[in-house]
Amino acid sequence: MPIFPVELFEEILSNVPCSPQLFQLREVNRTFRDILSPRVFRTVTVLPTMASARRFCTLVGVPRFRGAARHVEEIVYTEPTQVDDVDPTCDEEGAEVMAVRTTLSLAFGHLHSLPALRSLNLQFYPTFDEDRWRWNRNHRESEHLRRQWAILKAVTGNLSLLPALDSLTLENFLAFPHELYTNPRIAPLVARLRHLHLKPLCHGGMDTAFYQSRLVEFWTDAAHVRLLRPATALTSLSLHCNTYPGGPRSAQLDFHSLEFPQLASLSLARIFFDYTDRSALRGGDVEDFIVRHAPHLARLELLACKMHVGFGSPARLWADVWARFGSTLTALADLAVKWDDDGDGCELRYGTYTIQNVDTAGAPILHKRVAGDERDADALAALAELVESRRAQRAVALLTIE
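This is a predicted model, so every value here is computed, not measured.

(A) Up close: the sheet that holds strand β11 (residues 334-338). The 9 strands are arranged β1-β2-β3-β4-β5-β6-β7-β9-β11 in an open sheet whose pairing can be described as parallel. Here the strands that pair on one side only, and so sit at the sheet edges, are β1 (43-46) and β11. Pairwise comparison of adjacent strand axes, ignoring direction, gives a mean angle of 5° for this sheet. Sheet topology note: the strand β3 (residues 119-123)/strand β4 (residues 167-174) ladder contains 5 bridges and is parallel. Note on β4: the bridge partner recorded for Ser119 is Ser167. Packing of helix α7 (residues 143-156) onto the sheet brings it into contact with β2 (74-78), β3 and β4, and relative to β4 it is tilted by some 150°.

(B) Layout of the confidence of the model for the protein chain. Mean pLDDT over the protein chain stands at 78; residues scoring 70 or higher make up 68%. Considering each helix and strand of the protein chain separately, the mean pLDDT is smallest for helix α1 (residues 6-13), with a value of 57, and largest for β3, with 96. Counting contacts from residues 342-346, a segment whose pLDDT is below 50, to residues more than four positions away or on other chains yields 3 contacts. pLDDT under 50 marks residues 358-362. Its contacts with residues more than four places away, or in other chains, come to 16 contacts.

(C) Empty space enclosed by the protein, seen in detail. As enumerated under the stated definition, the model contains 2 cavities of 30 Å³ or more in all. Put simply, the largest cavity is a space of about 130 Å³. Leu152, Thr156, Leu168, Leu170 and Leu227 are the residues nearest the centre of the largest cavity, which is lined by 13 residues in total. Grouping the constituent residues of the lining of the largest cavity by class yields 12 nonpolar, 1 polar and no charged.

(D) View of the pairing of strand β5 (residues 195-201). With 5 of its 7 residues buried, β5 lies for the most part within the structure. By the bridge criterion, 7 bridges tie β4 to β5 in an arrangement that is parallel. Opposite Thr169, over in β5, you have His197 as the bridge partner. For the handedness criterion, the β-α-β arrangement of β4, helix α8 (residues 186-192) and β5 is classed as right-handed. As defined by bridge partners, β5 adjoins strand β6 (residues 236-240) across 4 bridges and the pair is classed as parallel. Bridge assignment links His195 to a residue of β6, and that residue is Ser236.

Rules of the game
Per chain, residues are indexed from 1 in the order of the written sequence. Given that the model is predicted, a residue must reach a pLDDT of at least 70 before its local features are reported, and side-chain atom pairs must reach 80 or more before they are shown or counted; all residues, however, enter totals for whole chains, interfaces and linings. Excluding hydrogens and water, the side-chain figures rest on all heavy atoms present in the structure. Pairing between two strands requires that DSSP report at least two bridges joining them. Only runs of H or I of at least four residues qualify as helices and only runs of E of at least two qualify as strands under DSSP, and these elements are numbered from the N terminus. Fitting a line to C-alpha atoms yields each axis, with helices limited to the stretch in contact; the angle taken between N-to-C directions then spans 0 to 180 degrees. Residue contacts are counted whenever heavy atoms from the two residues lie within 4.5 Å of one another. Values of pLDDT, the confidence the predictor places in each residue, fall between 0 and 100. A cavity here means a set of 1 Å grid points, computed over protein atoms only, where a 1.4 Å probe fits but cannot escape. A pocket is an open set with protein on both sides within 12 Å along at least 5 of 7 lines, and lining residues have an atom within 4 Å of a point. Grid points are joined across faces, edges and corners, and a volume is the space filled by probe spheres set on the points. All amino acids are sorted into three groups, where Ala, Val, Leu, Ile, Met, Phe, Trp, Tyr, Cys and Pro are nonpolar, Asp, Glu, Lys and Arg are charged, and the leftover types, Gly among them, are polar. Three labels apply to residues, based on accessible area from a 1.4 Å probe with only protein chains included: buried if under 20% of the type maximum, exposed if over 50%, partly exposed otherwise in between. Handedness is read with the strands pointing away from the viewer; a crossover is right-handed when the path from the first strand over the helix to the second is clockwise.

Below you can see the structure in the form of structure tokens.
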């Protein structure tokens, strides 16, 4: 029996920052364990190391840890940005890399032992490391990619067994078709998701026919049909690309056929807005897609998006887009627009209109000044001011009600 009320212990321990010491405090007595377990196991971070993989495998696979496993609400898997690739067939170091991959695959194959799991965040190696495929299609993929596909295959085998999962983040997964995307268990899970963040890893140098056909297949099938179209319950969607995905004709994501009736938050990065009818990431569809979700859309973020104008004059200016958003997105309370920068943090606003060879993926993106673009900055400022005024009015209305 504790000397002090349990509520007092809870208040004291809630002020202890998350650190390894919390695990030590759990061992003090049963009261401390009961208080701290939900906190220390709420988020589990996994790294591509043998020690981390073994700990994760123990948590999800050993029966005596089920008490701790029931508190896990979020899994965050992250790979460091600087990891040397290793040939897993060559030496002892390669054997350990294989062992890490196998252990991680085994652990992610047991996610169903985490009954409270709500969020799965997978952040893979952030650099495209498959250039050798361009010269030899039979070359084995890098260890980074083998590990990525092993984990995704293990996860997709669990999806139908994760009833509480409502948030999925996939960062730096290769924009390349794979048999795991055809798993029929994906659709029921995606249909339940409330939050979806996708950041496929594209490579600007994918300029061969070998890459192009597979990039098109990825966007039209894996991204559109398998991951986006079934997700009709989404309230939050984030679609980011690390680079402008190939030539405008290569990445045929059809925004026109996507609809999420409850969408309240949308973030797009490096997406072409285009009115030339030649772009595969078709801008007309993007603008219409955004406006179509006006009834609930409270947050909009556009990062380094560009207007592809071909070699003629644009049919539409950004100023026109901002004006339309101002008149239609009446629920919008949070707006963030950021252009590309020059490497020193200075935004390149003049780079919002671009030309790119529509027949060649990886062709350089050329910035272009167009007639009337001097209106764009003022139109965006006016939209931001309008959004802020509407947010202030809502805040006043809520205070009045209270």
